[in-house]
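What follows is each chain in one-letter form.
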Amino acid sequence: MNNERPYLSIIIPAYNEQSRIADSLYKVKDYLSQQSYRSEIIVVDDGSRDLTTEVVKFIDIYGKETKEQEEGQLMENIKNVGKGFSIARGMIKASGDIVLFSDADLSTPIEEVEKLLPYFEQGFDVVIGSRKLADSEVEKKPWYRDAMSLIFNMAVRTLSVPGIKDTQCGFKAYRREAAQRIALLQRIYGFGFDVEHLYIARKQGFKIKEVAVKWEHMDGSKVDPIKDSLRMFTDLLKIRWLHRAM
Ligand SMILES: Nc1nc2c(ncn2[C@@H]2O[C@H](COP(=O)(O)OP(=O)(O)O[C@H]3O[C@H](CO)[C@@H](O)[C@H](O)[C@@H]3O)[C@@H](O)[C@H]2O)c(=O)[nH]1
């Protein structure tokens with residue numbers, strides 16, 4: 001581990017998260033303060049129309065009231081572009097050896113990162129949380145989200161990344177070099193970016209591991225079941241075309 005830079009960077013994409021992000025940031029900060037490694041938190045606000053950025057600034061992820069080994073920053077998109085764009089921005093900025101992104105509502109509790117990290121020592125480059133493995137612990141998912149994800153996953157397996165059971169879990173970790181190469185090649189800015197990341201990772205020869213994690217459905221989803229689902233399906237079709245030369 002290099003002491004000059006963080007071991008773990010955590011990217012949290014946020015869009016209109018004023019009611020959920022404070023709790024989540026306190027939990028993440030509390031968890032990180034108990035670890036022996038250096039870490040950083042990068043919140044990428046995506047043109048929120050509520051008080052998300054004010055809440056993040058108030059919590060002071062920059063570190064006045066945090067321990068020395070923690071650092072943090074807030075990046076702001078001037079308008080709402082999409083989760084994929086925000087994750088890519090955060091990844092390019094991240095300086096940790098391992099770069100994790102996590103949903104702002106902590107549907108997967110931050111402690112679950114301990115299930116992912118050991119795989120980097122085994123030579124994996126991209127280690128993704130999964131809600132679809134035998135040991136995954138998934139609570140409270142509405143039936144229509146289950147149905148949507150069943151159809152989407154069938155399409156993903158056929159068109160993009162066969163063999164991966166859950167491309168959409170918002171809890172994924174990357175070796176920094178892999179994260180940055182993938183982010184620079186990424187073209188999908190919306191929710192379809194997860195599939196594109198895995199597609200690029202395979203094409204670039206990165207080793208991917210899918211790991212069972214806990215996941216709880218939280219109220220207040222920003223995913224529009226019609227508009228975003230349609231966009232995710234068209235993104236699936238675009239991915240192969242966009243990267244045909246790779
Ligand atoms: N930057 C950005 N982030 C966004 C946007 N919309 C939502 N987000 C962020 O994306 C995360 C997930 O959004 P939720 O509102 O919690 O949605 P969910 O229903 O739990 O999302 C599930 O499906 C998504 C689509 O497949 C997944 O991306 C997500 O990880 C999770 O599995 C949160 O951190 C939220 O702030 C946006 O337009 N821009």
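Structure first, text after, so check above.
So, how was this worked out
- Residues numbered from 1 in each chain as written.
- Predicted model: local features only at pLDDT ≥ 70, side-chain atom pairs only at ≥ 80, totals over all residues.
- Heavy atoms only, no water.
- Helix = DSSP H or I, 4+ residues; strand = E, 2+ residues; numbered from the N terminus.
- Buried < 20%, exposed > 50% of the residue type's maximum accessible area, 1.4 Å probe, protein only.
- Contact = heavy atoms within 4.5 Å.
- Lys, Arg positive; Asp, Glu negative; His and termini not counted.
- Charge placed at Lys NZ, Arg CZ, Asp CG, Glu CD.
- Axes fitted to C-alpha atoms, helices over the stretch in contact; angles between N-to-C directions.
- Parallel < 35°, antiparallel > 145°, perpendicular 65-115°, else oblique.
- Nonpolar A, V, L, I, M, F, W, Y, C, P; charged D, E, K, R; others polar.
- Salt bridge = Lys/Arg side-chain N within 4 Å of Asp/Glu carboxyl O.
- Near = heavy atom within 4 Å.
- Polar contact = N/O pair within 3.5 Å; in protein donor to acceptor, adjacent residues only side chain to side chain.
- Areas by Shrake-Rupley, 256 points an atom, 1.4 Å probe, with all protein chains shown as cover.
- Pairing = 2+ DSSP bridges.

## Points about the overall build of the protein chain
When helices and strands are tallied, the protein chain shows 9 helices and 9 strands. Once the C-alpha set of the protein chain is aligned to its principal axes, its extents read approximately 50 × 40 × 35 Å. Looking at the protein chain as a whole, 54% of its 246 residues qualify as buried. Of the contacts made within the protein chain by residues no fewer than 6 positions apart, 80% connect residues no fewer than 24 positions apart. Here the protein chain contributes 37 positively and 37 negatively charged side chains, and the mean placements of these two sets differ by 7 Å.

## Description of the packing of helix α6 (residues 143-159) against helix α9 (residues 227-242)
Put simply, α6 and α9 touch, their axes get as near as 10 Å, and they point 5 degrees apart. Accordingly, the angle class assigned to the pair α6 and α9 is roughly parallel. Within the contact between the two elements, α6 uses Met148, Ile151, Phe152, Ala155, Val156, Thr158 and Leu159 and α9 uses Ser229, Met232, Phe233, Leu236, Leu237 and Arg240. Its residues assigned to classes, the contact of α6 with α9 shows 10 nonpolar, 2 polar and 1 charged.

## Considerations on unusual backbone geometry
The backbone of Asn16 sits at a positive phi, close to 50 degrees, despite the residue not being glycine. Here Asn16 is to be found in the loop between β1 (8-14) and α1 (21-33). Despite not being glycine, Leu106 has its phi angle at roughly 50 degrees, a positive value. Position of Leu106 among the secondary structure elements: in the loop between β4 (98-102) and α4 (113-116).

## What about the pattern of salt bridges?
Overall, the coordinates contain 13 salt bridges when judged by the stated rule. Where Asp97 meets Arg5, a salt bridge forms, and the shortest distance between an N and an O atom there is 2.9 Å. You can see Asp97 sitting in the loop between α3 (83-93) and β4 and its partner Arg5 sitting in the segment before β1, a full 92 residues away along the chain. You can call Asp97 buried: its relative accessible area is 17%. Residue Arg5 is classed as partly exposed on the basis of its relative accessible area of 29%. The salt bridge involving Asp194 is made with Lys172; its shortest N-O contact spans 2.7 Å. Residue Asp194 is located in helix α8 (residues 193-203), and its partner Lys172 is located in strand β7 (residues 171-175); the two are separated by 22 residues in the primary sequence.

## Brief notes about the site of the ligand
With respect to spatial proximity, 23 residues lie near the ligand, and among them Glu17, Asp46, Asp103, Ser221 and Lys222 are the closest. Between the ligand and Tyr15 there is a distance of 3.1 Å, counted from an oxygen atom to a backbone nitrogen or oxygen. A distance of 3.1 Å separates an oxygen atom of the ligand from a polar side-chain atom of Asp105. The fraction of the free accessible surface of the ligand (730 Å²) that becomes covered by protein chains is 97%. Those elements giving two or more residues to the shell around the ligand turn out to be β1 and α3.

## Some details on the pairing of strand β5 (residues 126-130)
Burial within β5 is extensive, with 5 of its 5 residues counted as buried. Burial along β5 is two-sided: Val126, Ile128 and Ser130 and Val127 and Gly129, pointing in opposite directions, are all buried. Bridge analysis of β5 against β7 gives 3 bridges, and the strand direction is antiparallel. Its bridge partner lying in β7, Val126 is registered against Tyr174. Pairing analysis gives 5 bridges linking β5 to strand β8 (residues 208-212), with the strands arranged parallel. Bridge pairing in β8 links Ile128 to Glu210.

## Regarding the environment of Lys29
Looking at the element boundaries, Lys29 is found in helix α1. Residue classification places Lys29 among the buried positions, given a relative accessible area of 7%. Residues Lys29 and Gly72, 43 residues apart in the sequence, show an inter-C-alpha distance of 9.8 Å.

Functional significance is not addressed by these values, which are geometric in nature.
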